[in-house]
Amino acid sequence: MSQSSYGQMWDAAQGALEDLLEDEYPTMQLRPQKDRLQVFQTLATLYLRYLKIFRALEEVYDQIVHPQKRRVVHQVLEGVMGRLVELKNEMVELEYSEFHYFDDILQDFKMTPEDLEVPIPRYFVREKMRALKEREKMLAHILAKGGRQEHKTVPVQSMSVERAVWLLQVSERARQGRLRAHFMKTIRQEEQRRLQGNSSMLDPNQAATCIQKVWRGYRDRRRVNKECLEEMIFLGMIPAQQMTPSPAQLHAQQVESRRHCVQEEHEAEYQRALVNIKESVRSVDGTDIKESLQEQIRQWFLECRDATGKFPDFPSPEDGGSASIFAQKTPEQVAAEFAAKEEEREKKKKSKGEKDKKGNDRKEKKKEKKGKMKGKKGKGDTEEEEKGWKMTPSNFLPTVVEGAKMYKEVWHYRNEKQNFLQCFDGQLVREEKRLEVEEELRVQVDELMRQELKNLKLVVDRDKGKKKKKVKKSGKKKKKKGRKTGKKKKKKEKDLTADRTIESLYEELVMEGFIIRPKNIKLSDYIGEYSYLGTTLRQADIEPMPSLSDVRQLIALYGVLPLGSQCVHERGPLIRALLLTGPAGVGKKMLVHALCTETGANLFDLSPATLAGKYPGKSGLQYLLHVVFKVARQLQPSIIWIGDAEKTFYKKVPKLEKEMEPKRLKKNLPKVLKSIKPEDRVLVVGTTRRPFDADIKPFCKVYKKIILIPRPDYASRFILWKELLQAGGAQLGPKLDLSSLAKVTDGYTQGHILQAIQTVLNSHRLNQQTKRPLTAVEFIPPLARQDPVYKEEEEAFKAWYSRTPLGKKRARAAKASEEEDHKKGKTKGGKSQKKEKKGKTKKRKKKK
């Protein structure tokens, strides 16, 4: 696609965003709504529309080359990302569930389930690729220096002597059999040649017909097989073969990668131009700007003198200096504002003495008032809750509106036909830098004009000048008092490693095994299909098990977007800790590694197994946590992974694990989590396969966001078999029935399926595929050796999740809705009975 095509895509996305903002702002001002289904429909439609715009803007930002346009797109893109996270949070608070289903709304918008996937911005990693490569080199250097170089572990199975002898016998007998078969084949071929040599020559016509018959049969069989294969692929009965990319596709990929290089070049030119143009503006226009500012301020002095009969007070730097004078105000308004401020200061002085005298009486009155106000507030809150749901104010809509306004004012009608290379616009840079230079010069001019005003007052208004000096002194005293109160607030935490550099702390953590190298896994590698029956099951009051596609979306919304974008993490809903729970083999650790890969985050390991025997005692643990979180903040984004998270909150520690001290982090972890601020892109991720072993109250206080990962359903298993077999080098033919494999493996997780494929697809079996195609039966024995996830285990996970805070809220809401429906049914029944009774009495009266 060309730059003009991406410009059109940007225009279309901004148009859709403008329409969406027009539709959304009325919902922010609506009265509370009672119908929850209608509220969910509005939230879901907004979510899907924002998601569509997000995908388009991400594509534009990745490929557009103009540096100034990219800044506008980036601003809008971050606002849209944050709004998506906010809307998801609204839906969770409305339905008391982390998983939501949009089947009916997808049909209305003519969207596919693939459109629900949250796109991960590519600039998260690409814009800091150099830093990531340097970090990778440093990590490898530290590991090699400490002799902890990572080696690929090869699984070695122990074998008995009888088994080894049996294998040798089988292989030797197979070798002898192959030799014997080859010998017999050569004897048969020699006999056939001898017989053919004795036979008479055929007639040319007969030979021609024989050749034609063989050729036509071969050609037609080949054509029919090709047509059958195409039909089966079209119907989806056989997976399509992996096609090699065409020359056009390869060229498009080269163009996209080349654009990234052009982006860097244009950005470097733009940064140089910012410095050069600012210097030229200061040297050429600096004196004129100074003179014009001085003339404006002198004119303001005279106008205030004429209007009020005295010279005004010059605004302090805290109030904005001379910039506050010319903020679309007349001299009379400015003078009135300053007079009001002076009156307030005098009132505060007088009220100080009265406050000291009547302090005790006022405190008692305040306590009584607070008690009354609390009662009133409680009543008001219950009334609001009874009224219904209302949209919470957004932190991201102002940035989205500002970006949309900037696009409309600057870029929408701008003619870019002459700017074929899409370099920066010098005129826009000059306008921006002129404003910056004016602000810098204004500070210097303010100091000069403040001195000039002081001289004027000394000459003209000597008496008034003395009084105003006293006012200034009192202002200074107030500031000092303010400083004293500021000291009493909070004490800063002691830095236990103030004398050490971040590099040394990083090296220490790597050597101790607390910083590990994440695997290069993308979130798209976590394979799973969309659940198509979610909405229908919920309408029938059946809670569906979430699909793996829903899990992937939650990881993107709760983990990738906040960690990748500073703006989203600061302004959006703060998530300090995230718990991934589910049976063994569903891909919890894989998702942790995917989070690190997609955001370029550091991976810290604070699992109980890693902590065992290291940094003993309370002081040692405090030091470790201090170092880990200090390095995590300095090198953010960072993920702190706690494997087997239930062990930290054990109800009862098993005897075998008492030496490990798995509950060391129980007291300190909640305190450290509270220290994570919105500006710290640090996320604690816990993984567990036995959450029911933990004490649920402290466990859920730490991990407030819980994602229950289920075993894969039929659709996900079908795709898993297909993708994993192709990745392992298998040739998918008609004899390999993937549908039967997906049906048979109900209850097995992704880990079980992967292990079965790895055992079957060894190098020897892959070489035999042309002669002996793969069949579904070959995968049954390795699957039979593994234990699936039984219904009892799945029910245990469901029962545990229903006891979490969110599960309890959902149960209460379901119970309340049932009671309401029951009451409605009763009232309808009572009305109908009354009508019947009235009818009977009327009939009796008529008979009489």
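Structure shown above.
Just so you know, these numbers come straight off a predicted model, no measurement behind them.

Enquirer: Report on the overall build of the protein, specifying residues and quantitative values.
Expert: The number of helices and strands found in the protein is 30 helices and six strands. Taken across its 848 residues, the protein has 37% of its residues classed as buried. A sequence separation of at least 24 residues applies to 85% of the contacts in the protein between residues at least 6 apart.

Enquirer: Go over the side chain of S565 with me, naming the residues and quoting the values.
Expert: Within the secondary structure, S565 sits in the loop between α17 (548-564) and α18 (566-571). Residue S565 is classed as buried on the basis of its relative accessible area, which comes to 1%. A distance of 3.3 Å separates a polar atom in the side chain of S565 from the backbone nitrogen of V568. If we ignore the near neighbours within four places in the chain, the residues touching S565 are E78, M81, F124 and R681.

Enquirer: Residues and numbers for helix α15 (residues 502-512), please.
Expert: Those residues of α15 that fall on the buried side of the exposure criterion are L505, Y506, E508, L509 and V510. Where α15 is buried, its residues contact α6 (129-145), β1 (515-516), β3 (602-605) and α21 (617-634). Backbone geometry just downstream of α15 places G513 in the positive-phi region, at approximately 85°.

Enquirer: Tell me about the pattern of salt bridges, and please be specific about residues and values.
Expert: Within this structure, the stated rule accounts for 33 salt bridges. Across the pair R282 and E440 runs a salt bridge whose closest N-O atoms are separated by 2.4 Å. Here E440 lies in helix α13 (residues 426-460) and R282 lies in helix α9 (residues 247-308), a separation of 158 residues in the sequence. The salt bridge partner of D746 is R717, with a shortest N-O separation of 3.4 Å. With D746 in the loop between α25 (738-744) and α26 (750-760) and R717 in helix α24 (residues 714-727), this pair connects stretches of sequence that are 29 residues apart. Exposure remark for D746: the relative accessible area of 45% places this residue in the partly exposed category. What makes R717 buried here is its relative accessible area of 3%. The structure contains a network of salt bridges with shared partners spanning E58, E59, D62, R122 and R126.

Enquirer: Break down the environment of W800 for me, with residues and values.
Expert: With respect to the secondary-structure elements, W800 resides in helix α29 (residues 791-802). When residues no more than four places from it in sequence are discounted, the contact partners of W800 are L579, T581, P691, F692, I696, F699 and I706. A distance of 3.4 Å separates the side chain of W800 from the backbone oxygen of P691, its partner in a polar contact.

Enquirer: Talk me through the sheet that holds strand β2 (residues 577-581); I want residue IDs and the actual numbers.
Expert: Backbone-to-backbone hydrogen bonds pair the strands of a sheet. The strands run either parallel or antiparallel. Read from one edge of the open sheet, six strands run β1-β3-β4-β5-β2-β6, paired in mixed fashion. The sheet is open, and its two borders are formed by β1 and β6 (705-708), each paired with just one other strand. Where β2 meets strand β5 (residues 682-688), five bridges bridge the pair, whose relative direction is parallel. If you follow L578 over to β5, its bridge partner there is V685. Against the sheet, α17 engages β2, β4 (638-643), β5 and β6, with an angle of about 145° to β6.

Enquirer: I'd like a rundown of the packing of aromatic side chains, residues and numbers included.
Expert: Taken as a whole and assessed by the stated rule, the structure comprises 16 aromatic pairs. With a centroid separation of 6.3 Å and an interplanar angle of 55°, the aromatic rings of F699 and W800 are classed as tilted. Of this pair, F699 sits in helix α23 (residues 696-702) while W800 sits in helix α29, and the two are 101 residues apart along the sequence. Across the pair, exposure class does not vary: F699 and W800 are buried alike. Aromatic ring contacts, followed pair by pair, group F649, F699, Y703 and W800 into a single cluster.

Enquirer: Describe a positive patch on the surface, with residues and values.
Expert: Positive charge collects at one region of the surface, where R576, K651, K674, K697, K701, K704, R803, K808, K809 and R812 lie side by side. The dominant element in the positive patch, judged by the number of residues it contributes, is helix α30 (residues 805-847), at three residues. Relative to the helices and strands, K704 is located in the loop between α23 and β6. Note on K704: relative accessible area 69%, which makes it exposed.

Enquirer: How would you sum up unusual backbone geometry? Please name residues and give values.
Expert: Here Q636 and P637 are connected by a cis peptide whose omega angle stands at 5°. If you trace the backbone, P637 turns up in the loop between α21 and β4. Its identity as a non-glycine residue notwithstanding, K110 has a phi of 55°, on the positive side. With respect to the helices and strands, K110 occurs in the loop between α4 (103-109) and α5 (123-126). Under the relative-accessibility criterion, K110 is labelled exposed at 78%. One non-glycine residue with positive phi stands out, namely D644, at about 50°. With respect to the helices and strands, D644 occurs in the loop between β4 and α22 (668-674).

Enquirer: Now, about the nonpolar core: what can you tell me, with residues and values included?
Expert: For soluble globular proteins, nonpolar side chains are generally found buried alongside one another. If you look at the biggest cluster of nonpolar residues, it comprises 130 residues, and the most contacted ones within it are Y47, F102, L606, Y703 and I707. Here this core spans two domains, and each of domain 1 (3-124 + 395-412) and domain 2 (502-711) adds at least three residues to it. Y47 has contacts with L84, L87, M91, F102, V118 and L557, leaving out every residue within four places of it along the chain.

Enquirer: Break down the packing of α24 against α26 for me, with residues and values.
Expert: A pair of packed helices is characterised by two quantities: the angle between their axes and the separation of those axes. At their nearest, the axes of α24 and α26 sit 10 Å apart, and the two run at 35° to each other. As for how α24 packs across α26, the hand of that crossing is right-handed. Here α24 contributes R717, L720, W721, L724 and L725 to the contact with α26, which in turn contributes Q750, I753, L754 and I757. For the contact of α24 with α26, the per-class residue count stands at seven nonpolar, one polar and one charged.

Criteria and cut-off values
Residues numbered from 1 in each chain as written. Predicted model: local features only at pLDDT ≥ 70, side-chain atom pairs only at ≥ 80, totals over all residues. Heavy atoms only, no water. Helix = DSSP H or I, 4+ residues; strand = E, 2+ residues; numbered from the N terminus. Buried < 20%, exposed > 50% of the residue type's maximum accessible area, 1.4 Å probe, protein only. Contact = heavy atoms within 4.5 Å. Polar contact = N/O pair within 3.5 Å; in protein donor to acceptor, adjacent residues only side chain to side chain. Salt bridge = Lys/Arg side-chain N within 4 Å of Asp/Glu carboxyl O. Pairing = 2+ DSSP bridges. Axes fitted to C-alpha atoms, helices over the stretch in contact; angles between N-to-C directions. Phe/Tyr/Trp six-rings, centres within 6.5 Å; stacked < 30°, edge-to-face > 60°. Patch = residues over 30% accessible without salt bridge, like charges linked within 9 Å, V, L, I, M, F, W, Y side chains within 5 Å. Areas by Shrake-Rupley, 256 points an atom, 1.4 Å probe, with all protein chains shown as cover. Lys, Arg positive; Asp, Glu negative; His and termini not counted. Charge placed at Lys NZ, Arg CZ, Asp CG, Glu CD. Core = buried A, V, L, I, M, F, W, Y, C linked by side-chain atoms within 4.5 Å. Domains from an automatic or database assignment. Left-handed = near helix turned anticlockwise from the far one by under 90°. Nonpolar A, V, L, I, M, F, W, Y, C, P; charged D, E, K, R; others polar.

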